[in-house]
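A closer look at the structure
Okay, here's what each chain looks like letter by letter:
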Amino acid sequence: MEEGSSFQRREEVEIAIVGGGLGGLALALALQERGITAHLYEKHHDLRSDTATAIGIGANGVKSLNGIRSGLSKVMEDAGTYASCLKLTLVNKKGEVRYREQTFEQGEYVSIGWKQAQLVLASYINKDLIHCSHRLVRFESSEAGVDAYFEVTDENTSSLEYIKVVRTKLLVGADGIWSVVRRTIVGDSPRYLHLVDWNAYVPNPGAKVFGGHGEHEIVLLFDEDGETRSWLVDAGKGFSLWILRKLDLSGDLAKTLKRSKGGLGIPGAKARALQQLDGLDGWDDIKAAIKATDETYIFERPIMDNLPIKRWSDSHRRVLLMGDAAHAQYVGPGQGARTAFEDAHQLSILLKEAFSSSEDNSIATAVKKFEELRIPRMIKMQEYAAESTALPALVPEWVSKLTMEEKQKRALECQQWVHSYPEKMLCDPDSTYWK
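Because the structure is predicted, anything quoted here is derived from the model rather than measured. (Residues numbered from 1 in each chain as written. Predicted model: local features only at pLDDT ≥ 70, side-chain atom pairs only at ≥ 80, totals over all residues. Heavy atoms only, no water.)

**Overview of the sheet that holds strand β16 (residues 263–264)**
- Ordered by their spatial adjacency, 8 strands build an open sheet running β6-β5-β13-β14-β15-β12-β17-β16, and the pairing between neighbours is mixed. For this open sheet the edge positions go to β6 (97–103) and β16, each flanked by a neighbour on one side alone.
- In the sheet, strand β14 (residues 228–236) pairs with strand β15 (residues 239–247) via 8 bridges, with the strands oriented antiparallel. Across the sheet, residue V233 finds its bridge partner in β15, namely L241. (Pairing = 2+ DSSP bridges. Helix = DSSP H or I, 4+ residues; strand = E, 2+ residues; numbered from the N terminus.)

Here is the structure:
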């Protein structure tokens, strides 16, 4: 029941989730499946924001989704597609190429548009629990709970209608890399990784608009120096994803972007993307994809991450970070959405135990257990992801001294450890490098 003045209204909920992205929606669904009511607050006027990208869901993501709701990974696959192979192509300075291929069993790796994945998750959640046009402005935490203050805006004019004060037992910040919740309890900002991306998720039925990939294929192209990389992906239902990534050691390229955080349909983005390929041989497929794409579909952005931190909660353990707000990592390994699904899966299990307990501090205990379970894993994964940028400052000296054979063994062991979720959450005692 809301009450108070016409400008300030109040309500009380068990759990409040800030952010209607994949992590926030996954947590809301996971809790709903376990009989816990969580309200989700999204600052935009609807959930159908477009990132012009798709996500790849590997083994750990598949198991997380099915832990959230039985059969959920198959629903994602049906809304997108499955990947049958990853084709890795190295282009040398002469335009010559070398190939390597990794195959997948059906259902082992799912490709789906980000927006489509968002809609799948939202379709299972009670619509009364999703509140759009709610922008978090501040919160006050104590051992008893949290008061979160939201500006509620008009969907048509975006003008402020009133302030809503939400009293909750736990406030979960699932509000992405630029998290307001993280900025409040940690006080840091994302780090620029000296890479710039252009990407588009576009209709391409039968690969007739542009080619470069086959059905159920992911094609990764990269050069010897790590300066240029591209992806062409079958994202299912007649859509393709293309990505162009460019190294920006000097930071000068980022300065040419029209928006510091990036955005969709920015004037000049298409020309800037094509300019990165000038004079390069062997990149005809990605050039053709960019040329065939209307600029309004192209998302341009600097690539960022959040530094690893050793605590994701406030001093009372009543405010908690998850997903990119807690551990945004370099996108190269493709673990962002998958680890957000892991967070949602594990946190929902612990909160079910907490809500079944008669102890006064059961929620704080659950938050502490969640951090103990998740933070060591994510620090390892964040640091390894940062290494894969190949920026010298982010590669530990001992790693740089490994032989190529040792580096390949370490990479394979990492993949095996990550995919073993949830059995080997913290480490792989049987490995050489991930103990």
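**Considerations on helix α11 (residues 362–387)**
- Along its 26 residues, α11 runs 38 Å from first to last C-alpha, staying within 8% of the 38 Å computed at 1.5 Å per residue.
- Where α11 bends most, the angle comes to about 30°, and this point is R374, followed within four residues by the proline P376. (Expected span 1.5 Å × (residues − 1). Bend = angle between axes of the 7 residues up to and from the residue.)

**Digging into the pattern of salt bridges**
- In this structure the tally under the stated criterion is 22 salt bridges.
- For D305, the salt bridge is made with R191, and the minimal N-O distance between the two is 2.7 Å. Placement of the pair is D305 in strand β17 (residues 298–305) and R191 in strand β12 (residues 191–203), with a sequence separation of 114 residues.
- With relative accessibility at 2%, the residue D305 sits in the buried group.
- Its salt-bridge partner being D252, residue K255 comes within 3.9 Å of it at the nearest N-O pair. Taken as a pair, K255 and D252 lie in helix α6 (residues 252–255) at a separation of 3 residues, close to a single helical turn.
- Salt bridges sharing common partners tie together E342, D343, R374 and R377. (Salt bridge = Lys/Arg side-chain N within 4 Å of Asp/Glu carboxyl O. Buried < 20%, exposed > 50% of the residue type's maximum accessible area, 1.4 Å probe, protein only.)

**Regarding the confidence of the model for the chain**
- Residues with a pLDDT of 70 or more make up 98% of the chain, whose mean pLDDT is 94.
- Overall, residues 1–5 carries pLDDT values under 50, and its contacts beyond four positions in sequence, including any with other chains, amount to 8 contacts. (pLDDT = per-residue confidence, 0-100. Contact = heavy atoms within 4.5 Å.)

**Examining the side chain of H216**
- Its location among the elements puts H216 in the loop between β12 and β13 (217–223).
- A polar atom in the side chain of H216 sits 2.9 Å from the backbone oxygen of Y82.
- When near neighbours in sequence (up to four residues on either side) are disregarded, H216 contacts T81, Y82, A83, S84, C85 and D234. (Polar contact = N/O pair within 3.5 Å; in protein donor to acceptor, adjacent residues only side chain to side chain.)

**Points about the sheet that holds strand β4 (residues 81–82)**
- As summarised here, the arrangement of the 3 strands in space is β3-β7-β4, forming an open sheet in which the pairing is antiparallel. Two strands close off the open sheet at either side, each with one partner strand: β3 (54–57) and β4.
- As judged from the 4 bridges shared by β3 and strand β7 (residues 110–113), these two strands associate in the antiparallel manner. Among the inter-strand pairings, I57 is bridged to a residue of β7, identified as V110.

**What to know about the state of the cysteines**
- One pass over the structure, following the stated rule, counts 0 disulfides.
- Here C414 is not cross-linked by a disulfide; its sulfur's nearest cysteine counterpart is in C427, at 13 Å.
- The class for C414 is buried, based on a relative accessible area of 7%.
- On the basis of relative accessible area, C427 is assigned to the partly exposed category, the value being 26%. (Disulfide = S-S within 2.5 Å.)

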